[in-house]
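Coordinate inspection notes
Residues per chain, in single letters:
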Amino acid sequence: MDTMDDTIEFEALTAPILEERPWAVFAACKAEKSMKFFPQTRQEEREAIAICNICPVIEDCLDHALESNERFGVWGGTTERERRKISRIV
Ligand code: SF4
């Protein structure tokens, strides 16, 4: 049985998360440990981004991260640094 510590479980994606982000039901990361998307090393960062790169909702996720000013973690295939750069351009 999974613990509730750092695992994104499908049941955890019910309201209010799904209400705010309905596309999350299609997320490639929904069965991954959430901490994987808050990497501590470049290797972990690359692993998270590799999952994003096969995710069918990568654009929705990046839009959400930019609109919500998500400051930490990998969202929509981007790192925190990359989102800061995008935010300065847009
Ligand atoms: S783009 Fe990445 S972080 Fe966003 S939902 Fe998909 S796999 Fe998860």
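Thresholds applied
Residues numbered from 1 in each chain as written. Predicted model: local features only at pLDDT ≥ 70, side-chain atom pairs only at ≥ 80, totals over all residues. Heavy atoms only, no water. Near = heavy atom within 4 Å. Helix = DSSP H or I, 4+ residues; strand = E, 2+ residues; numbered from the N terminus. Nonpolar A, V, L, I, M, F, W, Y, C, P; charged D, E, K, R; others polar. Salt bridge = Lys/Arg side-chain N within 4 Å of Asp/Glu carboxyl O. Buried < 20%, exposed > 50% of the residue type's maximum accessible area, 1.4 Å probe, protein only. Core = buried A, V, L, I, M, F, W, Y, C linked by side-chain atoms within 4.5 Å. Contact = heavy atoms within 4.5 Å.

Further remarks concern the site of the ligand. Neighbouring the ligand are the residues Ala27, Cys29, Phe37, Ile51, Cys52, Cys55, Ile58, Cys61, Val74 and Gly76. Among the elements of the structure, helix 2 (42-52) and helix 3 (58-67) are those that each provide at least two residues to the shell around the ligand. Looking at the shell around the ligand residue by residue, the classes come out as nine nonpolar, one polar and no charged.

Next up on the list: the pattern of salt bridges. Where charged atoms from two side chains of opposite charge approach closely, those side chains can pair. The tally for this structure, following the rule as stated, stands at four salt bridges. A salt bridge links Glu20 to Arg21; its shortest N-O distance comes to 3.4 Å. We classify Glu20 as exposed; its relative accessible area is 54%. A salt bridge links Glu45 to Arg81, with the shortest nitrogen-to-oxygen separation between them at 3.3 Å. Taken as a pair, Glu45 in helix 2 and Arg81 in helix 4 (residues 80-89) lie far apart in primary sequence, 36 residues in all. In this structure Arg81 comes out as partly exposed when scored by relative accessible area, which is 36%.

Here Asn69, not a glycine, exhibits a phi torsion of approximately 55 degrees, which is positive. Tracing the sequence through the fold places Asn69 in the loop between helix 3 and helix 4.

What follows is about the nonpolar core. Membership of the largest hydrophobic core is limited to eight residues, which are Trp23, Ala24, Ala27, Cys55, Val57, Cys61, Ala65 and Trp75. When residues no more than four places from it in sequence are discounted, the contact partners of Ala27 are Cys55 and Val57. Counting six residues, the second-largest nonpolar core is a separate cluster that includes Ala48, Ile49, Cys52 and Val74.

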